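Examination of the molecular architecture
Each chain is listed here by its residues.
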Number of protein chains: 2
Amino acid sequence: MTEGHIHVRGARLHNLRSVTLDVPRDRIVAFTGISGSGKSSLAFGTIYAEAQRRYLESLAPYVRRLLHQMEDPNVEAVTGVPPAVALKQQRSAPSSRSTVGTVTALSNTLRMLMSRAGEGNVHGLDSDAFSPNTPEGACPRCEGQGVVYAATEDSMVPDPGLSIEDGAVASWPGAWQGKNLRDILRTLGHDVGKPWRELPEAEREWILFTDDKPVVTVQPEREAHRIQRPYQGTYTSARNLLLKSFAEAKNQARKDRLAAFLTVGACPLCGGKRLRPEALAVTFAGRDIAELAALPLTELKRVMTPREGAAGVLIADILERVAVLEGLGLGYLSAGRAAPTLSGGELQRLRLAAQLRAGLFGVVYVLDEPSAGMHPADAEALIGVLRRLKDSGNTVYVVEHDLDVVRAADWVVDIGPGAGERGGRVLYGGPVAGLSEVAESVTGRFLASPPVVPDREPRKPVGTLELRGLRRNNLRGLDVDVPLGVLCAVTGVSGAGKTSLLEEIAEAAADMARVVRVDQRPLGRTPRSNLATYTGLFDTVRSLFAGTPDAKAAGFTASRFSFNVPGGRCETCKGEGYLEVELLFLPTAYTPCPDCGGRRYNDATLAVRYRDASIAEVLGLTVEAATEFLDGVPAALRPLRTLGDVGLGYLRLGQPATELSGGEAQRVKLAAELQRAAKGALYLLDEPTTGLHPADAEVLARQLESLVDAGGSVVAAEHDPAFVAACDHVIDLGPGGGDEGGRLVAEGTPGEIAASPGSRTGPYLRTRGR
Amino acid sequence: MTEGHIHVRGARLHNLRSVTLDVPRDRIVAFTGISGSGKSSLAFGTIYAEAQRRYLESLAPYVRRLLHQMEDPNVEAVTGVPPAVALKQQRSAPSSRSTVGTVTALSNTLRMLMSRAGEGNVHGLDSDAFSPNTPEGACPRCEGQGVVYAATEDSMVPDPGLSIEDGAVASWPGAWQGKNLRDILRTLGHDVGKPWRELPEAEREWILFTDDKPVVTVQPEREAHRIQRPYQGTYTSARNLLLKSFAEAKNQARKDRLAAFLTVGACPLCGGKRLRPEALAVTFAGRDIAELAALPLTELKRVMTPREGAAGVLIADILERVAVLEGLGLGYLSAGRAAPTLSGGELQRLRLAAQLRAGLFGVVYVLDEPSAGMHPADAEALIGVLRRLKDSGNTVYVVEHDLDVVRAADWVVDIGPGAGERGGRVLYGGPVAGLSEVAESVTGRFLASPPVVPDREPRKPVGTLELRGLRRNNLRGLDVDVPLGVLCAVTGVSGAGKTSLLEEIAEAAADMARVVRVDQRPLGRTPRSNLATYTGLFDTVRSLFAGTPDAKAAGFTASRFSFNVPGGRCETCKGEGYLEVELLFLPTAYTPCPDCGGRRYNDATLAVRYRDASIAEVLGLTVEAATEFLDGVPAALRPLRTLGDVGLGYLRLGQPATELSGGEAQRVKLAAELQRAAKGALYLLDEPTTGLHPADAEVLARQLESLVDAGGSVVAAEHDPAFVAACDHVIDLGPGGGDEGGRLVAEGTPGEIAASPGSRTGPYLRTRGR
Ligand SMILES: Nc1ncnc2c1ncn2[C@@H]1O[C@H](COP(=O)(O)OP(=O)(O)O)[C@@H](O)[C@H]1O
Ligand SMILES: Nc1ncnc2c1ncn2[C@@H]1O[C@H](COP(=O)(O)OP(=O)(O)O)[C@@H](O)[C@H]1O
Ligand SMILES: Nc1ncnc2c1ncn2[C@@H]1O[C@H](COP(=O)(O)OP(=O)(O)O)[C@@H](O)[C@H]1O
Ligand SMILES: Nc1ncnc2c1ncn2[C@@H]1O[C@H](COP(=O)(O)OP(=O)(O)O)[C@@H](O)[C@H]1O
Ligand SMILES: [Zn+2]
Ligand SMILES: [Zn+2]
Ligand SMILES: [Zn+2]
Ligand SMILES: [Zn+2]
């Protein structure tokens, strides 16, 4: 064993073939290999998971029993591994309250700055008073929400043609309480049978808005056969009832239901800024904190002029943080931008920048393609950040496809040679220079000689979508011609407006063509959705099982073979195969179902066999193995073959949709589209090469060309120069991100862009063909 | 800044005086200084807390906002600090289900051994089947509890003189359901007015135990003025009702209430062994797993003979773990021993041993006096364990008083020179050898020349407590004479039976003398109890405030100045000064109360001043400062002076009881006793020097002598040779721990013990005086 290394012995997770290797500590190490080769299984599933498990166990001994079940039977030993921190490309949960400012800790510093150096802080407000999430800071009118809800006649009585009896007051609760209110109103002398709009205005006003609470003896009128006793009833106006229920609603579903009877508008007191007036009266450089948080970071930097003293320290802190974020190509974001509106790549880079200030020492950082979504122009800065983390005493492992980042690593571990069962071996571990010598390694080949774009004439467009005066996010009146019947790339630095343009194209083209968005969003939000269910393959498979003699004898229909409904599934885990272990503030852990051992079905169902395999075993097959197994079943072979064509032969049929990476999900969608490829369809893709090895990117490009050849049009926002160079047309946006972007910098064939002096994309195309 | 060090800049926590120092990584570092000097504030409060906070923040970014409030304003910077693991001397929570076996992971290995190599495993049981905490393993009769509850006539009808109407069936629920059952029985023709014991046996039997569930139409008899309608009622026997409620009880309080109507006994099926018969039928070396878990570890080792194959690997694992535990003087424990019955020191050493196998790399271990409760003979092994942790790539920091452990460290950081405000400076940081040169350092002085025991004649006993045939834990018929009117030490290795003997003495002497136990148990379980409340000082202080003109004008009585009742206290935090932040699986975090800022009182109360201080400010005074502040108030000075005498002048009056260390709590109790020292009282102490610097131990010994001089008797279980040498008489138990202890090895003056060949304590006394 070598000193200064993490030693992995006999790692067998997923497709890893008893991998034994030493990976250096205190270095930047790139893990490479084509998609599905096993990079993540090694870097995240084995090294990170093992480091994490050990440290957590030692931290809180009482967690050990829970985690014990997770102890990894998939690796013999991992030694010399320090505690680890993972940064993944996960999007923020839609409900998350975090923002660019909270993720980067900029918000905190801004608040301290307002408190200590703001003008007009006559009340001596502390930094908490500048946060809408504290009682001190929240606007008293909207409680820091920025919006206020109001109950109006229109919102509570959507159909004034109805009588009270027929449910005119839609916001009333149902069941007994609604009847009660109606009975009280009748007792009070109101006509509950007349259409609402015919009641006198004063009467309508009183019913909806009074603050009186009259008590009356009600003689209920209900179903004849039930005993009806008089009772004392109290009337509460519809508005008061609704606002009270809304304020007290315990869960989001109920809040949403009640909100439907309310109008919503910007808070009149804070104007949507969520803070109390005293806090908004405080300014710095002429702006209140909400205005500062709305500035793009690049602008924020401009208004922060260095100075001496305590405020100077805070300003220096802000300037330093912003400089790092700008370097990573994120200067177009504002501190107030909500995390759920960010892409996974943007969020990862924000977190990465925050780590520079976290002051960790001696840990292993494991990163998931930090270059995702980044323009090649920003790679330099990314590498700088990785080096700083290393220089502060840490180890940096990156799963990466970007060859510039790989070249900058101290060491590379290449996995392969293929995907799934054809991968899982370590082809090389050593300094980057040595990798190109490894004949078997696809990565080595690409490192040695960048792919040459086949020298063919760009296709000629068959038509043009002329878009004029586009306005969305940072597009401010953009005019652009989108060529049809060709492969078109939209380029530009992160934040240039590529995604915004795709959205405009989607809307503009909606009427004239079938618009197909092939994005990286998850296929489904629950692990119950998987490759087989998404592609419809599972219906075919279940019919096959239902058709076996065993199933017929037992009276099992196709639904018996679903794990989503009771019957055939294991009821202990409700067909999920595992049970959840909730660890508050830590990632949720899973343990295999003790009853079915992860097989999802009950024994009677598993006893039915088709071609000698149980339904659970079929779900365990890779696409490739299934292609062989289902030989002679055309309905199954069609989807399986297209999945193989997009390079997903290594995926398992039962692989939950939630476990697929963004890139994999995009290719599954692409496969589905390839099956029904239609002339005239317009395909829109957002960074399709994210997560793809250059070799996989080539396969993808070929698939997209086949869509064009079948008469379709493809527009893809993309950073990868090799991909862009292979397109027929390029629309280059920029020149910068955010306010400095959104304009057309250049357009034409890749060759024309390469020659364009103003384009930041041009230089990266110059070394390529065409 | 030096390489390879943790850099602490400007640490100001508690009494630390802006401490700036570099502490080496990858070394064993001892933090020394007298009690209250600031060792823990530096090692735990600053270095560990900072390491922990950073890593957790990076691990789970969404915890950051919560933890942010905890960000330490008490230190300018800590850099180069790897993630840390703390091992503290906390006792296990009384409700904890863990055992010696689970803490050390021995249980798991034992279960695997039974599963793979047990004889009679005809059912092929897996390792889970040998755990009473799994459905596979739990005895089906008692559900793995080891005890069964039964409902008997006696348990359900405690007073058979009552009639059913008067509540004979005490186990019945109250309110409506009880009346319902009574009404049903009357409807069924039973006499509910007759005393229970006069009902025929068959009738009583049916009412309590039938499995029938008859349904009858009940005409209720209740208060005359309420409408009574007939209804259909179902009878369920008292036993069935009780057992069902018991099984379904959601919380412990309810379970306890119901258990009062049940009898409890060992489970007849498993005999209390908690496992199902199939599991108990499997044996290894002729014993079932429960029997193996009951053996002292030293015995367990003997029955595990090394062999080849898979079982051999498991046996080797057990032997290796047990060897470490034996080395740490814990061989007398059994794997099945419940964690809550262990001392804090024993538990820390178990956890320490487990860490040897946890495989952590590159972390900082911070330990709290790992030698606590250890016989000097075991110090060697402890040092060995610390070295192994270091050799596996970790940093080891120990807060230690034991000079042998300190001498074995690579580096020592000495804090002082005094306690509290007279401490908090780093007197020395460097190799141990250099410390004795530091004139200011008390530790240095003790390292240079071990204390010489003043050469005086041992006192002669004024009487003898003759104890014969003692039986408790490992005492099996011990005969011993305990001298009275002297300072007597009970010695022996850990597990020798010292505590057991103290307990016997307490019982035997209960009738003849006032027995005072001065132990290390916490003064109180809630942070509402503090030094001032415990010593009664707070009553005096509150009267002083109530007597001020301000208080009189406002009509404030003494109770207004209590933070335990509404009135004067801050209601946001209910007088606690902070709010809890629950982090499941992580230690609970606290945040200062946003309203009172930790001052515990509301503004009106704080406005009242006595000698120009508010009540909150008085609670913030150290004992020493309070002695000056309350000059001329005899009722306050008496307790304050005795606290100072036992070396606690540095504690703050408001310091919560839960924050005091075991040693401090013991000294607070001692101070209380010193105030009422009575002739003829017998004082029993368990390891009073734990947590004490040798200099503090000397002060303590002088206090104990003063109790003897006042006519009392002192018996102290103790390991510290310096303390033992200063006693008049020694009772040495042993020779080993557990089954190998419990016998009288030697008795006499320290000099006589030193000369005794069989005693393991003797050699440590030889180098001392007397
Ligand atoms: N949770 C999982 N369960 C089963 N197989 C998996 C799982 N995750 C990944 N795999 C499979 O393991 C192989 C390697 O995957 P992965 O390590 O994610 O590759 P890479 O990171 O190189 O793209 C693939 O065949 C993949 O389908
Ligand atoms: N949901 C949104 N809310 C606010 N601003 C947004 C949103 N989406 C994008 N923007 C802003 O619009 C600009 C262009 O973003 P986008 O179209 O996503 O660029 P690209 O796809 O080139 O990275 C950026 O300044 C970005 O911050
Ligand atoms: N939670 C606390 N709040 C306020 N003061 C404290 C707290 N804990 C300890 N102190 C004080 O800080 C000083 C140093 O204590 P500590 O670091 O525990 O000393 P040591 O570990 O050397 O015995 C003492 O004066 C003690 O009373
Ligand atoms: N509550 C208990 N339950 C079971 N065994 C105990 C308990 N307390 C002590 N013992 C056992 O009795 C023996 C003597 O223990 P103890 O009197 O605590 O020794 P010492 O005080 O010398 O360390 C040890 O074998 C110990 O494990
Ligand atoms: Zn508002
Ligand atoms: Zn299951
Ligand atoms: Zn039992
Ligand atoms: Zn408070």
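As a starting point, this report considers the structure included with it. These numbers come from a predicted model, not from an experiment.

Here the focus is a negative patch on the surface. Where like charges cluster on the molecular surface, the negative patch consists of A:Asp126, A:Asp128, A:Glu136, B:Asp595 and B:Asp603. Within the secondary structure, B:Asp603 sits in helix H22 (residues 603–606).

Residues and elements named next belong to chain B. Taken together, the protein ligands of the zinc ion (ligand 7) are Cys 139 (SG), Cys 142 (SG), Cys 267 (SG) and Cys 270 (SG), with distances of 2.2 to 2.3 Å. Around the zinc ion (ligand 7), the 4 donor atoms are arranged such that angles at the metal cover 103 to 117 degrees; this shape is classified as tetrahedral. Expressed as a motif, the donor residue spacing for the zinc ion (ligand 7) is C-x2-C-x124-C-x2-C. Here the residue Cys 142 occupies a position in the loop between helix H4 (106–117) and strand S6 (147–150), and Cys 267 occupies one in the loop between strand S9 (263–266) and helix H10 (277–280), the gap between them amounting to 125 residues. Here the two residues Cys 142 and Cys 267 agree in accessibility, since each one is buried.

Right, let's talk about the site of ligand 4 for a bit. By nearness alone, 14 residues border ligand 4, and B:Arg337, B:Gly495, B:Lys498, B:Thr499 and B:Ser500 come closest of all. Bound to the protein, ligand 4 loses 74% of the 560 Å² it would expose on its own.

All names here are of chain A. Looking at where Ser 35 falls in the secondary structure, it is placed in the loop between strand S3 (28–32) and helix H1 (39–59). Looking at Ser 35, the relative accessible area reads 7%, which means it is buried. When near neighbours in sequence (up to four residues on either side) are disregarded, Ser 35 contacts Ala 419, Tyr 650, Glu 664, Arg 667, Gly 691, Leu 692, His 693 and Asp 696.

Our next topic: the sheet that holds strand S1 (residues 5–11) of chain A. Residue and element names in this part refer to chain A. The 3 strands lie next to each other as S2-S1-S4, forming an open sheet whose pairing is antiparallel. Of all strands in the sheet, those with a lone pairing partner are strand S2 (19–24) and strand S4 (75–79), marking the two edges. Strand after strand, the sheet turns through a mean of 5 degrees between neighbouring axes, direction not considered. Direction of pairing for S1 relative to S2: antiparallel, over a ladder of 5 bridges. Looking at the pairing, Val 8 lines up with Leu 21 of S2.

Residues and elements named next belong to chain A. What surrounds ligand 1 is a group of 16 residues, the closest being Gly 36, Lys 39, Ser 40, Ser 41 and Glu 659. Within the backbone of Gly 36, a nitrogen or oxygen atom sits 2.7 Å from an oxygen atom of ligand 1. Ser 40 has a polar side-chain atom sitting 2.4 Å from an oxygen atom of ligand 1. Compared with its free state, where it exposes 560 Å², ligand 1 has 80% of that area covered by protein.

Another aspect to go through is the pattern of salt bridges. Residue and element names in this part refer to chain A. In the structure shown here, the tally under the stated rule is 76 salt bridges over all chains. Ionic pairing is found between Asp 183 and Arg 182, a salt bridge with its closest N-O pair at 3.0 Å. Comparing Asp 183 with Arg 182, the two get one shared label, buried. One salt bridge in this structure joins Glu 291 and Lys 273, with 3.1 Å as the shortest N-O distance.

Here the structure, examined in full by the defined rule, presents 8 cavities of 30 Å³ or more. There is about 80 Å³ of room inside the largest cavity. If you go around the largest cavity, the residues you meet are A:Thr104, A:Glu320, A:Arg321, A:Val324, A:Leu325, A:Ala353, A:Ala354, A:Leu356 and A:Arg357. A class-by-class count of the residues in the lining of the largest cavity yields 5 nonpolar, 1 polar and 3 charged. The calculated volume of the second largest cavity comes to roughly 60 Å³. Lining the second largest cavity are B:Thr104, B:Glu320, B:Arg321, B:Val324, B:Leu325, B:Leu350, B:Ala353, B:Ala354, B:Leu356 and B:Arg357. Among the elements of the structure, helix H13 (309–327) and helix H14 (344–355) of chain B are those that each provide at least two residues to the lining of the second largest cavity. Ranked by the residues each element gives to the lining of the second largest cavity, the list is headed by H13(B), at 4 residues. Residue composition of the lining of the second largest cavity, grouped by class: 6 nonpolar, 1 polar and 3 charged.

For helix H18 (residues 498–509) of chain B, spanning 12 residues, the distance from its first C-alpha to its last is 16 Å, which sits close to the expected 16 Å at 1.5 Å a residue. Buried within H18(B) we find B:Lys498, B:Ser500, B:Leu501, B:Leu502, B:Glu504, B:Ile505, B:Ala506 and B:Ala509.

Quick look at the state of the cysteines now. All names here are of chain A. As enumerated under the stated definition, the model contains 0 disulfides over all chains in all. Cysteine Cys 488 is unpaired, with the sulfur of Cys 727 as its nearest cysteine sulfur at 7.2 Å. Residue classification places Cys 488 among the buried positions, given a relative accessible area of 0%.

Turning our attention to the coordination of the zinc ion (ligand 6). Residue and element names in this part refer to chain A. Around the zinc ion (ligand 6), the protein contributes the donor atoms Cys 570 (SG), Cys 573 (SG), Cys 593 (SG) and Cys 596 (SG), which lie 2.2 to 2.3 Å from the metal centre. Bound by 4 donor atoms, the zinc ion (ligand 6) shows angles of 105 to 113 degrees at the metal and therefore tetrahedral coordination geometry. Between the donor residues of the zinc ion (ligand 6), the gaps in sequence give the motif C-x2-C-x19-C-x2-C. No difference in accessibility class separates Cys 570 from Cys 573, as the two residues are buried.

This brings us to the nonpolar core. Counting residues in hydrophobic clusters, the biggest one holds 293 residues, and the most contacted among them are A:Met304 and B:Met304. Here this core gets 8 residues from one element, more than from any other, and that element is H13(B). Not counting chain neighbours up to four residues away, the residues in contact with B:Met304 comprise B:Leu110, B:Leu113, B:Phe284, B:Leu292, B:Ile315, B:Ile318 and B:Leu319.

Right, let's get into the sheet that holds strand S16 (residues 487–491) of chain B. Residue and element names in this part refer to chain B. An order of S17-S20-S21-S16-S22-S23 is seen for the 6 strands of this open sheet, with the pairing classed as mixed. The open sheet terminates on both sides in strands that have one partner only, identified here as strand S17 (515–518) and strand S23 (743–748). Neighbour to neighbour, the strand axes of the sheet diverge by 20 degrees on average, direction disregarded. With 5 bridges connecting them, strand S22 (residues 729–734) and S23 associate as antiparallel partners.

Criteria and cut-off values
- Residues numbered from 1 in each chain as written.
- Chains lettered and ligands numbered in written order.
- Predicted model: local features only at pLDDT ≥ 70, side-chain atom pairs only at ≥ 80, totals over all residues.
- Heavy atoms only, no water.
- Patch = residues over 30% accessible without salt bridge, like charges linked within 9 Å, V, L, I, M, F, W, Y side chains within 5 Å.
- Areas by Shrake-Rupley, 256 points an atom, 1.4 Å probe, with all protein chains shown as cover.
- Salt bridge = Lys/Arg side-chain N within 4 Å of Asp/Glu carboxyl O.
- Lys, Arg positive; Asp, Glu negative; His and termini not counted.
- Charge placed at Lys NZ, Arg CZ, Asp CG, Glu CD.
- Helix = DSSP H or I, 4+ residues; strand = E, 2+ residues; numbered from the N terminus.
- Donors = N, O, S within 2.8 Å, 3.2 Å for Na, K, Ca; no water.
- Tetrahedral: all angles 85-135°; square planar, octahedral: opposite > 155°, others 65-115°.
- Buried < 20%, exposed > 50% of the residue type's maximum accessible area, 1.4 Å probe, protein only.
- Near = heavy atom within 4 Å.
- Contact = heavy atoms within 4.5 Å.
- Pairing = 2+ DSSP bridges.
- Axes fitted to C-alpha atoms, helices over the stretch in contact; angles between N-to-C directions.
- Polar contact = N/O pair within 3.5 Å; in protein donor to acceptor, adjacent residues only side chain to side chain.
- 1 Å grid on protein atoms, 1.4 Å probe; cavity = no way out; pocket = protein on both sides within 12 Å on 5 of 7 lines; lining within 4 Å.
- Points joined across faces, edges and corners; volume = space filled by probe spheres on them.
- Nonpolar A, V, L, I, M, F, W, Y, C, P; charged D, E, K, R; others polar.
- Expected span 1.5 Å × (residues − 1).
- Disulfide = S-S within 2.5 Å.
- Core = buried A, V, L, I, M, F, W, Y, C linked by side-chain atoms within 4.5 Å.

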